[in-house]
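Each chain is listed here by its residues.
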Amino acid sequence: EFRFFQNGTETMSTTNAQTSTPTGICSICGKESSLKCSRCKFVFYCCKEHQLQHWKSGHKRECNDAYKADQYTLHKQEFDRIIKKCGLDTPENSEKIAALLTSGEAVTPPAFAETFGTSMEEAVVFLEWIKVGVKFKEESIDTAKKSGLGKR
């Protein structure tokens, strides 16, 4: 028996030994249920109406936050795999990547794939993760400036 807590409310997730169907407690009424949120897979509902009610009362935000966090984690894991597989973590390749990214010219997936021997898909994943990092850095700098950090 596994116990999960959602917004301070305990929900249980068990496995029915006869059918191996995961079951839990409906987040709205507390009845045993086997319907899960199809996106986050963390909460249970006994009916579509309760799922909709919970979605409108706040699960949408929680679910989206959890989904985004999971997507970031998966993207980062794939980025790390590509770095190792393609040897992008060597000093020579790190310097080439830095020069390419700071050249002021747009870096396309085909050019990256050709230069570093990645597949097109790997080049897209790599470059998209770089965009995530740049966006994070820009937002962090903006936040620091707004809060007065760095001013003398």
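Fair warning: this is a prediction, and the values are worked out from it, not measured in the lab.

Some details on helix α1 (residues 48-86)
Given 3.6 residues per turn, any residue in an α-helix points the same way as the ones three and four places further on. Helix length check: α1 (39 residues) gives 46 Å between terminal C-alpha atoms against 57 Å at 1.5 Å per residue, more than 12% under. By the largest-angle criterion, Gly 58 marks the main kink of α1, which is about 75°. A positive backbone phi angle near 65° is found at Gly 87, which sits one or two residues after α1.

Describing the environment of Ala 66
Along the chain, Ala 66 falls in helix α1. A residue is classified by how much of its surface remains accessible, and Ala 66, at 29% relative accessible area, is partly exposed.

Some points on the pattern of salt bridges
Summed over the entire model, instances satisfying the criterion amount to seven salt bridges. In this structure, Glu 78 engages Arg 81 in a salt bridge whose closest nitrogen and oxygen atoms are separated by 2.7 Å. Of the two residues, Glu 78 and Arg 81 are both situated in helix α1; the distance of three residues between them amounts to about one turn of the helix. Judged by its relative accessible area of 37%, Arg 81 falls in the partly exposed class. Notably, a salt bridge pairs Glu 139 with Lys 135, separated by 4.0 Å at the nearest N-O pair. Placement of the pair is Glu 139 and Lys 135 together in helix α4 (residues 120-147), with a separation of four residues, close to one helical turn.

Quick notes on the rules
- Residues numbered from 1 in each chain as written.
- Predicted model: local features only at pLDDT ≥ 70, side-chain atom pairs only at ≥ 80, totals over all residues.
- Heavy atoms only, no water.
- Helix = DSSP H or I, 4+ residues; strand = E, 2+ residues; numbered from the N terminus.
- Expected span 1.5 Å × (residues − 1).
- Bend = angle between axes of the 7 residues up to and from the residue.
- Buried < 20%, exposed > 50% of the residue type's maximum accessible area, 1.4 Å probe, protein only.
- Salt bridge = Lys/Arg side-chain N within 4 Å of Asp/Glu carboxyl O.

In short, geometric facts, not functional conclusions.
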